[in-house]
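# Topology and contacts: notes
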Amino acid sequence: MSGDAPSLGGVGLSGAAERLYRALLADPLATPAALAAAAAVESADYPALLAELSGRGLTARTDGRLVAVDPRIGLGALVRERQSNLDLATQAITGLVAAFTEGQLRADPSRLAEVVDGPERVAAAMASIVAEAATEVAVFDAPPYVDKKTSKRAETSLLDRGVRSRAIYAVAALEVPGYYDAVQAMIAAGEMARVVPTVPLKLVVVDGRRALLPLAIHDGVVRSAILVHPSALAEALAALFESVWDTGLPIPGELEEVAEPLDAEERELLRLLNAGVKDEAIARRLGVSPRTLSRRVTRLLERLGSATRFQAGLQAARRGWLLGVGPCEHGPTAVTSRRCRPSRRPRPTRRRGRSSPCS
C-alpha cells in the first residue's frame, strides 16, 4: 500500500486487512503466500484477515476461487452503513444534550437564567449576546428606550458579519420622533422588520438559544433584566417570537418618491381604508362600483409602492399627504393608529427616550 494512499480505517477496516484487500485488488490471481507477502502480513494471520474482509463484504468466492468485491459495491455499502450509524449518533446528541442541560439545571438552578442589575450592565449584556450571535438575532422592539445608538451599532456589526437580524416593532416604537428613520436605515442595511399593534414584551433572542428580557422598568429606564441561558425556556421565547412574526406586517424600505402627491379623491380613499371602513361602504361613499373601487385601491398601492393598505397608510402619512401639512407630530404611523384625527381637546404628547430593544 502506498504511504500516502487514503486509509480505509474510517469504515472499520484494520490496517492489515486493508493491505491484504489492496493486494488482492492489484493481483486477483496471486496465491495466498504471494498475497500475504505483498500485504506484509504473517501467514498465521492470513485466515483471520480473510474472515475480516469476507465479513465486511469485500471478498467473495467464485467457482471456489477467492476474489475481491468491486470497491464501488463493497466499500460503498460500508460507507453508507457507517454514515447511517453516524446520523443516528448525531440525532442522539440532541437528546443527550437536553438530558445534560436538565441535569445541570437541577444541580445548579442559576444556570437557567441570571439577573442583570443596572442600566449599564443591561446594555452591556445586550451588546455581549448580540456580539456572540452566530446565525440570528430576533428582537421585540418597543418603548421605553435609553441607549438606541449603542444597540444600532451592535446590530449593524452583526449584519456586516452575515448574521440575520429580524425585528418586530410595536406601532408605538415607530411613533417615537426620529425612530422610523433609524428603522429604515436598519432595513437598508439588511434587517428584516415587521410591525404589530403591540408586542408582548421587550425581548432579544440570539440563535434561538439565549434571550434577554427586562425584569424591572422604572421611569422609562430598564433597571434590571433576565439573561436566559440555553434551555427549554429560551426555546419557548424563540417560539413566541416566531408566532408573533407570522402575524406581523412587513415594514417597507425607502421608496422612490412619487412624482405628484395624492389628489383629494386619493386622500379620501386612503383615509377611509386606514379608518377600517369596509370596501362596500367606501364604494357607496365615493359613488363607485366595488370593481371600480378595487381598481382604484390597486392603483393607489402601486403608486405608493406598497403591498398592503397598512403600508400605504404608513408611507402617505410619513410624507404628510394625508394631513396636507407635512408629517404628523405623532409619527409616521399615526394614521393607522388613529391618533391624529380631529378632536375637541388636544392631547398632550408624551416624551420618549431612545435605547436598545431591551434597555
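In this report, we go over the structure that sits alongside the text. What you see is a predicted model; the values in this text were computed from it and never measured.

Our next topic: the side chain of Arg-166. In this structure, Arg-166 sits in strand S5 (residues 164-170). At 2.7 Å, the side chain of Arg-166 forms a polar contact with the side chain of Glu-136. When near neighbours in sequence (up to four residues on either side) are disregarded, Arg-166 contacts Glu-136, Val-137, Ala-138, Val-139, Met-192, Phe-241, Glu-242 and Trp-245.

Another point: the nonpolar core. The biggest cluster of nonpolar side chains holds 34 residues, and the ones touching the most others in it are Val-137, Tyr-169, Val-204 and Ile-251. Ranked by size, the runner-up nonpolar core spans 21 residues in total, among them Leu-20, Leu-50, Leu-58 and Leu-75.

This brings us to the packing of aromatic side chains. Summed over the entire model, instances satisfying the criterion amount to 3 aromatic pairs. Note on Phe-140 and Phe-241: the rings are 5.5 Å apart at their centroids and 40° apart in plane angle, and the pair reads as tilted. Within this pair, whereas Phe-140 is found in strand S4 (residues 136-141), its partner Phe-241 is found in helix H9 (residues 232-245), the two being separated by 101 residues in sequence. Judged by relative accessible area, which is 0%, Phe-140 ranks as buried. For Phe-241, a relative accessible area of 1% gives the class buried. Look at Phe-241 and Trp-245: their rings are 5.9 Å apart centre to centre, the planes differ by 25°, and that puts the pair in the stacked class. With Phe-241 and Trp-245 both in helix H9 and 4 residues apart, the pair spans about one turn of that helix. Residues Phe-241 and Trp-245 agree in their burial class; the two are buried. Through a chain of ring-to-ring contacts, three or more aromatic side chains come together here, namely Phe-140, Phe-241 and Trp-245.

Before going further, it helps to spend a moment on helix H5 (residues 119-131). The terminal C-alpha atoms of H5 lie 18 Å apart, and with 13 residues this matches the ideal 18 Å at 1.5 Å per residue to within 8%. Within the span of H5, buried status applies to Val-122, Ala-125, Met-126, Ile-129 and Val-130. The buried side chains of H5 occupy one side of the element, clustering within an arc of 125° when seen end-on. Along H5, the residues that are exposed and aim more than 90 degrees away from the buried face are Glu-120, Arg-121 and Ala-131.

A few words now on the environment of Val-163. Residue placement: Val-163 occurs in the loop between helix H6 (148-160) and S5. The exposure class of Val-163 is buried, given its relative accessible area of 3%. Sequence spacing of Val-163 and Asp-207 is 44 residues, and the spatial spacing of their C-alpha atoms is 9.5 Å.

Under the defined criterion, the tally for this structure stands at 7 salt bridges. A salt bridge links Arg-72 to Asp-70; its shortest N-O distance comes to 2.8 Å. Classification of Asp-70 by relative accessible area gives partly exposed; the value is 27%. Note that Glu-265 is salt-bridged to Arg-296, the shortest N-O span being 3.1 Å. Here Arg-296 lies in helix H12 (residues 290-304) and Glu-265 lies in helix H10 (residues 264-274), a separation of 31 residues in the sequence.

Further remarks concern the sheet that holds S5. Spatial strand order, S3-S9-S8-S7-S4-S5-S6-S10: 8 strands in an open sheet with mixed pairing. Two strands in the sheet have a free side with no partner beyond their single neighbour: strand S3 (113-117) and strand S10 (249-250). Bridging between strand S8 (residues 210-218) and strand S9 (residues 221-228) involves 7 bridges; their strand directions are antiparallel. The residue of S9 that forms the bridge with Ile-217 is Val-222. Packed on one face of the sheet, H5 meets S3, S4, strand S7 (203-206), S8 and S9 and runs near 40° to S9.

About the cut-offs
Note that residues are indexed from 1 along each chain, following the sequence as it is written. The predicted nature of this model means local features are confined to residues of pLDDT at least 70 and side-chain atom pairs, given and counted, to a pLDDT of 80 or more, with totals for whole chains, interfaces and linings taken over all residues. Water and hydrogen atoms play no part in the side-chain values, which are based on all heavy atoms of the structure. Per the convention used, a helix needs a DSSP run of H or I reaching at least four residues, while a strand needs a run of E reaching at least two, with both numbered from the N terminus. Within 3.5 Å is the distance limit for a polar contact, defined as a pair of N or O atoms, with the added protein rule that one can donate a hydrogen and the other accept it, and that residues adjacent in sequence qualify only through two side-chain atoms. Whether two residues touch is decided by their heavy atoms; if any such pair falls within 4.5 Å, the residues are in contact. Buried Ala, Val, Leu, Ile, Met, Phe, Trp, Tyr and Cys residues form a nonpolar core when they are joined through side-chain atoms within 4.5 Å. When accessible area is computed with a 1.4 Å probe and restricted to protein chains, residues below 20% of their type maximum are described as buried, those above 50% as exposed, and intermediate ones as partly exposed. Ring geometry is summarised as follows: Phe, Tyr and Trp rings, the Trp one being its six-membered ring, pair when their centres sit within 6.5 Å, and such pairs are stacked at plane angles under 30 degrees, edge-to-face over 60 and tilted between the two. To estimate how far a helix should extend, the number of its residues minus one is multiplied by 1.5 Å. Of all possible arcs, the one meant is that of the directions from the helix axis to the C-beta atoms. Salt bridges, as used here, are contacts in which a Lys or Arg side-chain nitrogen is within 4 Å of a carboxyl oxygen on Asp or Glu. In this analysis, strands are considered paired if DSSP registers two or more bridges between them. Orientation is described by lines fitted to C-alpha atoms, with helices fitted over the stretch in contact, and by angles between N-to-C directions that extend from 0 to 180 degrees.

Everything listed is a geometric property; what it means functionally is a separate question.
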